[in-house]
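Here is how the chains run, residue by residue.
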Amino acid sequence: MSQGKIYKFENDLDTDQIIGSQYLLLPSIDEMKNHAFESLDAAFAEKVRPGDYVVGGENFGCGSSREQAPAVLKALGVKAVIAKSFARIFYRNAINIGLPAIVCKELPDHVSAGDLMELKLSDGVAVVGDQEYSCTKLPEYMQNILNKGGLISFLNEEEKEEN
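What you see is a predicted model, and the numbers here were worked out from it, not measured in a lab. (Residues numbered from 1 in each chain as written. Predicted model: local features only at pLDDT ≥ 70, side-chain atom pairs only at ≥ 80, totals over all residues. Heavy atoms only, no water.)

Draft legend 1. A look at the overall build of the chain. In terms of regular secondary structure, the chain is built from 8 helices and 7 strands. In terms of C-alpha radius of gyration, the chain reaches 15 Å, essentially the compact-globule figure of 15 Å for 163 residues. With the C-alpha coordinates aligned to their principal axes, the bounding extent of the chain is approximately 50 × 40 × 25 Å. Counting across all 163 residues of the chain, residues that qualify as buried make up 47%. Excluding contacts between residues fewer than 6 apart, the proportion of contacts in the chain whose partners are at least 24 apart in sequence is 66%. Carbon together with sulfur atoms contributes 46% to the accessible area of the chain, which is approximately 8,500 Å² in total. (Helix = DSSP H or I, 4+ residues; strand = E, 2+ residues; numbered from the N terminus. Rg over C-alpha atoms; globule rule 2.2 N^0.38 Å. Buried < 20%, exposed > 50% of the residue type's maximum accessible area, 1.4 Å probe, protein only. Contact = heavy atoms within 4.5 Å. Areas by Shrake-Rupley, 256 points an atom, 1.4 Å probe, with all protein chains shown as cover.)

What follows is the structure in structure tokens.
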């Protein structure tokens, strides 16, 4: 398992803060991703690297139901979003596109932006420094969806196996 850098955000992070509505008119997620978190950290899209993590507090991804919010994070290479809790639609959209959204109640209060973290998804554990944090372990069927890269890929693979 490799470590990634933490980018930390606070409670009630709205989907408009993840990707502003003015960028939804761009023709592709690849073009939209350059504007992720622009209102909070104008350089986020330039700094984040594949394998890094986004950490938030309560109610991460509240606001509109736009599926582009988790999609731009995945397109930037964010390995997972870890938060105390998620807005339901963000959580569902993230899992559907293959972006792990992991509930970890204690971690956000004890880590800082820039810390290095390792996520042991199948064990339900996040490690920062010498501290381990217990996270919600995803049910096997949800883990299978993530392993296939999202719900559509998962369903397509199931259909191939049936035929």
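Draft legend 2. Structural view of the environment of Ile97. Counting through the fold element by element, Ile97 comes out in helix H5 (residues 88-97). By relative accessible area, which is 24% here, Ile97 ends up partly exposed. As for Ile97 and Arg49, which are separated by 48 residues in sequence, their C-alpha atoms are 19 Å apart.

Draft legend 3. Quick look at the pairing of strand S2 (residues 53-56). A two-sided burial pattern is seen for S2, the buried positions comprising Tyr53 and Val55 on one face and Val54 and Gly56 on the other. Here strand S1 (residues 4-8) runs beside S2; their pairing, made up of 3 bridges, is parallel. Bridged to Ile6 within S2 is Tyr53. Bridge analysis of S2 against strand S3 (residues 80-83) gives 4 bridges, and the strand direction is parallel. What sits directly across from Tyr53, in S3, is Ala80. (Pairing = 2+ DSSP bridges.)

Draft legend 4. Seen up close, the packing of aromatic side chains. Taken as a whole and judged by the stated rule, the model has 8 aromatic pairs. Between Phe9 and Phe37 the ring centres are 4.0 Å apart and the planes differ by 15°, which places this aromatic pair in the stacked class. A residue pair is termed long-range when its members are at least 10 positions apart, and Phe9 in the loop between S1 and helix H1 (15-18) and Phe37 in the loop between helix H2 (29-32) and helix H3 (44-47) qualify at 28 residues. By relative accessible area, Phe9 is classed as buried at 9%. On the basis of relative accessible area, Phe37 is assigned to the buried category, the value being 0%. (Phe/Tyr/Trp six-rings, centres within 6.5 Å; stacked < 30°, edge-to-face > 60°.)

Draft legend 5. Representation of the sheet that holds strand S6 (residues 125-128) in the model. The mixed open sheet is built from 7 strands, whose spatial order is S4-S3-S2-S1-S5-S6-S7. The open sheet terminates on both sides in strands that have one partner only, identified here as strand S4 (101-103) and strand S7 (131-134). Adjacent strand axes in the sheet meet at a mean angle of 35° when their direction is disregarded. Where S6 meets S7, 4 bridges bridge the pair, whose relative direction is antiparallel. Pairing of Val125 across the sheet is with Ser134, part of S7. (Axes fitted to C-alpha atoms, helices over the stretch in contact; angles between N-to-C directions.)

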